[in-house]
Amino acid sequence: MTAIGPSAISRRSLLVGAASATIAASLPGTAESSQTAAEFRLVAAPARWPIVGKSYPDTNAWCYDGRVPGPEIRLRQGEPVRITVENGLADDTTVHWHGIRLPIAMDGVPRLTQPPIRPGESFTYEFTSPDAGTFWYHPHANSLQQLGRGMAGALIVEELEAVPVDRDILWLLSDWRLTSDAQIASGFGNPMEAAMSGRVGNTVTVNGAVSDEVTVRAGERIRLRLINGALARIMALRFEGHRPVVVAIDGQPCDPHEPERGRLLLGPAMRIDVVLDMQGEPGRHYRVVDDFYDGLSYWLTQLAYEDKPPLRAHPLEGSLALARNPLPEPDLAAAGRHALALQGGMMGGGGMGMGMQGREHEATWAINGHSMTGDGHAGMAPLLTLQLGRSYVLAIRNETAFWHPVHFHGHSFRVLSRNGSPVPHRQWADTVLLPPKETVDVAFVADNPGDWMLHCHVTDHQVSGLMTVLRVA
Ligand code: C2O
Ligand code: CU
Ligand code: CU
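Described below are features of the structure shown in this document. (Residues numbered from 1 in each chain as written. Chains lettered and ligands numbered in written order. Predicted model: local features only at pLDDT ≥ 70, side-chain atom pairs only at ≥ 80, totals over all residues. Heavy atoms only, no water.)

A few points about the packing of aromatic side chains
- For the structure on display, the rule yields 12 aromatic pairs.
- Summarising the aromatic geometry, the rings of Trp 171 and Phe 239 are spaced 6.1 Å apart at their centres and angled 25° between planes, so their arrangement reads as stacked. Placement of the pair is Trp 171 in strand β9 (residues 167-176) and Phe 239 in strand β13 (residues 235-239), with a sequence separation of 68 residues.
- Residue class for Phe 239 comes out buried when judged on its relative accessible area of 4%.
- With a centroid separation of 5.3 Å and 70° between ring planes, the pair formed by Tyr 286 and Tyr 305 is classed as edge-to-face. Within this pair, whereas Tyr 286 is found in strand β18 (residues 285-290), its partner Tyr 305 is found in strand β19 (residues 298-305), the two being separated by 19 residues in sequence. Here Tyr 286 and Tyr 305 have matching classes, each one buried.
- Taken together, Tyr 64, Trp 97, Phe 123, Tyr 125, Phe 127 and Tyr 137 form an aromatic cluster joined through their ring pairs. (Phe/Tyr/Trp six-rings, centres within 6.5 Å; stacked < 30°, edge-to-face > 60°. Helix = DSSP H or I, 4+ residues; strand = E, 2+ residues; numbered from the N terminus. Buried < 20%, exposed > 50% of the residue type's maximum accessible area, 1.4 Å probe, protein only.)

Take a look at the structure:
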């Protein structure tokens, strides 16, 4: 495991007196549905938000509709939606609907798929999600600052028939680097960090606020949707005294299973839906611990049991399997095969020699020897052209000394194997986490025409070269 620089989490030092997480579930703005499409409006603008709690000043953030995270957008599977984004920032922006299989013109990559939304202008996104699940939205312009200052929100597409649970709860997890007066530290795009693990912060929030506890009732069954909305922080969550069952990954249903060693591993941009039966004792507290980075474990929040008798004597029975989404099954025998090598960074080994030219510690990453930097620009030459309708297997090889959550736009893929060993549930995903030196094989049908980005979702890595474009034509 790699050191994460100066960001050893000092949660309790910063967080004394933090307020408990209260989740405002109401959606501001307009949410009227017409016969044709559900309509939403999102205003991107600066605002102040109480990230740390009452004994600290509010944090100057950039956000959607004046709140952190942005409003939760809920749709029904197959329901058309129109979302008008108004730019009240002094900075160009776009919105990317992460994980949604939508037409390329709605993908939100500046200059590649749309002109950037200039300050004072707006853009209307229109799409229909074929898939139900837990998705999210975030900017794809000046992403380091815009995402790092708070612009992100959940996009939940409801199944036509949901699994029966008592409550459906969302935790959008964000990671902030805050100063001692709870302001966002400057220094985005530090080349040294970009060549290592990226900008890992010192404060992790649940739905925009540091959380001391989340109230639960003994005996209830909760569907918990987890979204890692961090710039760079990888999380490994353990629920002390509980046994979460994973029912969906990156929005896509999977065989219900308990995670390996009880840890839910979430790289930036990844989502996991779990079903949690609240089997703890009334009146007790159970910690939710993130112990991904060696020696830097901290607790994210606690499950605080109400002092009330259990809601039911025995856990609910019945299958936890969600209905599958309409994803085309790749034909592995006929699939085209390509290798993608992730290269560069500090301690790259293998003598890449990248990023070391000129300034000391300058970061450079590459995919198959090519570095695309930034958030998106016109005329990005595709690394590969894939045939519309054909199946593909990509062998993604991490030649670097760092972890990379690799994300592909416009498609979901099956995760087939890691270092040649079959992955137990061959889950669908849109983002796959690669440990150093690991090779992951993923498969998908190239059924969505367009120039689609593939990049690491550690934003520092993306903007310093760990990005490419795959054309489906
Ligand atoms: Cu959520 Cu191009 O990313
Ligand atoms: Cu995406
Ligand atoms: Cu990366």
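Some points on the coordination of the copper ion (ligand 2)
- Those donors, His 96 (NE2) and His 407 (NE2), are the protein atoms that reach the copper ion (ligand 2), and they lie 1.8 to 1.9 Å from it. With His 96 in strand β5 (residues 95-98) and His 407 in strand β25 (residues 404-408), the pair connects residues that are 311 residues apart, well separated along the chain. No difference in accessibility class separates His 96 from His 407, as the two residues are buried. (Donors = N, O, S within 2.8 Å, 3.2 Å for Na, K, Ca; no water.)

Brief notes about the pattern of salt bridges
- Scanning the entire structure with this criterion turns up 30 salt bridges.
- Salt-bridge contacts for Asp 291 lead to Arg 238; the nearest nitrogen and oxygen are separated by 3.1 Å. Here the residue Asp 291 occupies a position in the loop between β18 and β19, and Arg 238 occupies one in strand β13, the gap between them amounting to 53 residues.
- The class of Asp 291 is buried, set by a relative accessible area of 18%. (Salt bridge = Lys/Arg side-chain N within 4 Å of Asp/Glu carboxyl O.)

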